[in-house]
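Read off the chains here:
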Amino acid sequence: MKKMIQPWLHAFLAFCLSGTLQAAENPDWTAPLEPFAIADHLYYVGSRDLASYLVTTSEGNILINANLATSPAQIKASVEKLGFRWADTKIFLNSQAHWDHVAGAAQVLRETHAQNLVMAEDAEVMRTGGKSDFAANTDGIFTYEAAPVDRELHDEDVVSLGEMKLTAHKTAGHTRGCTTWTLRTTLDGQERDVVIVGGLMYLTQYHLVDKPGQPASYPGIAEDFRKTFGEMPYYPCDIFLGAHGIYFDMLAKLDRRVKQGSQVWLDRDGYLRLLEKTRQAFEAEVVRQSR
Ligand SMILES: [Zn+2]
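Note that this is a predicted model, so its numbers are computed, not measured.

Draft legend 1. Region of interest: the nonpolar core. Formed by 74 residues in total, the largest nonpolar core has its most connected members in Tyr53, Val102, Ala105 and Met126. Residues contacting Met126, with those up to four places away along its chain left out, are Ala97, Val102, Ala105, Val118, Ala147 and Val149.

Draft legend 2. Molecular detail of the sheet that holds strand E12 (residues 239-242). Ordered by their spatial adjacency, five strands build an open sheet running E8-E9-E10-E11-E12, and the pairing between neighbours is mixed. Each of the sheet's edge strands pairs with one partner strand only, and the pair in question is strand E8 (157-161) and E12. The average undirected angle you get between the axes of adjacent strands in this sheet is 25°. Sheet topology note: the E8/strand E9 (residues 164-170) ladder contains five bridges and is antiparallel. Along E9, the bridge assignment pairs Val158 with Thr167.

Draft legend 3. Local environment of unusual backbone geometry. The backbone phi angle of Asn67 is positive, close to 60°, even though this residue is not glycine. Position of Asn67 among the secondary structure elements: in the loop between strand E4 (60-64) and helix H2 (72-81). Here Asp188, not a glycine, exhibits a phi torsion of approximately 50°, which is positive. Looking at the secondary structure, you find Asp188 in the loop between strand E10 (179-187) and strand E11 (190-197).

Draft legend 4. Representation of the sheet that holds strand E3 (residues 53-57) in the model. Spatial ordering of the open sheet is given by E1-E2-E3-E4-E5-E6-E7, a layout of seven strands whose pairing is mixed. The strands lining the two open edges of the sheet, one partner per strand, are strand E1 (36-39) and strand E7 (151-153). Here the strands of the sheet are splayed against their neighbours by 25° on average, with no regard to which way each runs. Here three bridges tie E1 to strand E2 (residues 42-44), and the two strands are oriented antiparallel to one another. In the strand pairing of E2, Phe36 is matched with Tyr44. Set on the sheet, helix H5 (residues 120-127) makes contact with strand E6 (115-119) and E7; between it and E6 the angle comes to about 125°.

Draft legend 5. Representation of helix H4 (residues 105-112) in the model. Listed as buried for H4 are Ala105, Ala106, Val108, Leu109 and Thr112. Angular distribution of buried residues about the axis of H4 spans 165°; they occupy a single face of the element. Contacts from the buried residues of H4 go to E4, H2, strand E5 (89-93), helix H3 (99-102), E6 and H5. Phi for His113, located one or two positions after H4, is positive at around 60°.

Draft legend 6. Structural context of the packing of helix H6 (residues 221-231) against helix H8 (residues 268-290). Between H6 and H8, whose axes approach to 10 Å, the crossing angle comes to 155°. Taken together, H6 and H8 sit at an angle that is classed as roughly antiparallel. The two elements H6 and H8 meet at a crossing, and its hand is left-handed. On the side of H6, the interface is formed by Ala222, Phe225 and Phe229, while H8 contributes Leu275, Arg279, Phe282 and Val286. Each residue belonging to the contact of H6 with H8 can be placed in one class, and the counts come to six nonpolar, no polar and one charged.

Draft legend 7. Layout of the pairing of E6. Counting buried positions along E6 gives four out of five residues, so the element sits mostly inside the fold. Two elements, E5 and E6, share two bridges in a ladder whose sense is parallel. Its bridge partner being in E6, Phe92 is matched across the sheet by Asn116. When E6 meets E7, the two strands line up parallel, connected through three bridges. Looking across to E7, one finds that Met119 is bridged to Leu153. For the crossover from E6 across H5 to E7, the handedness is right-handed.

About the thresholds
- Each chain carries its own residue numbering, running from 1 in the written order of its sequence.
- Given that this is a predicted model, residues contribute local features only at a pLDDT of at least 70 and side-chain atom pairs are listed and counted only at 80 or more, while totals for whole chains, interfaces and linings are drawn from all residues.
- For the purposes of this analysis, a nonpolar core is taken to be any set of buried Ala, Val, Leu, Ile, Met, Phe, Trp, Tyr and Cys residues that are connected through C-beta atoms within 7 Å.
- Any residue surrounded by 20 or more other C-beta atoms within 10 Å of its C-beta is treated as buried, while 12 or fewer makes it exposed and the intermediate range makes it partly exposed; C-beta atoms here are placed from the backbone.
- Two residues form a contact once the distance between their C-beta atoms, set from the backbone, is within 7 Å.
- When DSSP finds two or more bridges between a pair of strands, those strands are recorded as paired.
- Runs of H or I in DSSP of at least four residues are treated as helices and runs of E of at least two as strands, each being numbered from the N terminus.
- Every axis corresponds to a line fitted to the C-alpha atoms, with the helix fit spanning only the stretch in contact, and the corresponding angles, defined between N-to-C directions, vary from 0 to 180 degrees.
- Within this analysis, the arc is defined by the directions that extend from the helix axis to the C-beta atoms.
- Each angle gets one of four labels, with under 35 degrees taken as roughly parallel, over 145 as roughly antiparallel, 65 to 115 as roughly perpendicular, and the rest as oblique.
- Crossings are classed by handedness, with left-handed meaning an anticlockwise turn of the near helix from the far one by less than a right angle and right-handed meaning a clockwise turn.
- Amino acids are sorted into nonpolar (Ala, Val, Leu, Ile, Met, Phe, Trp, Tyr, Cys and Pro), charged (Asp, Glu, Lys and Arg) and polar (every other residue, Gly among them).
- Orient the strands so they point away from the viewer, and a crossover whose first-strand-to-second-strand path over the helix runs clockwise is right-handed.

So, in structure tokens, the structure goes:
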């Protein structure tokens, strides 16, 4: 009997994968977006889909993601529009060492002299500009300008600057060092937990199942994805964010923010829904590749 793919799953996969397949043509990756405050100490400085975040402290600022090679000027303009100084960027972090999140890293580091902290399993990928990525030069995985790494991070390492602390969770699979960041801040006077999802989807060219003559994309890729899906539901999450705006439905929430205010970012249910959808898609793909 032919196994039926649930319609929502099909649509969701097409939606997620189109980001990679049509990378160059996705206008939301380069279209500017008015920068905005998400919560205290936390700002959005990315484009309409490629997310960059600025975490501000009394000791300088932390930038998460540099996006495309053409993005740094846009990110810098957003930081300055919010009243912060580009040169006060002391630490640079990323969600994953794919080109759409770190191709602009080398330029950001040159301009700001920030320290580049990278999850150990993605560090060599960034140092080689993507050439050592297990999926380098396959569909939509492009190389980029190599960037120096100042410190390698490990799962659950804490990055501190001034009064802010960010925890680096290794949520591997999409890349070997894919990183989900969590932090605590206040929103409308209340303490809140923030999750910035690093990346969850397998790409269509990934081999998740080790077969004779067709090894897994990297040893342990399926185990990495399962660890990611197993742990992430337990991260404390009030404010749900991610490396792409589509992960957390950012544009729709921005529309609703006009009436609802910043409370619109509180979406633990949406976070858990994304995890469950992507987990199911992953498990269905493992079944498919096992046949
Ligand atoms: Zn990616």
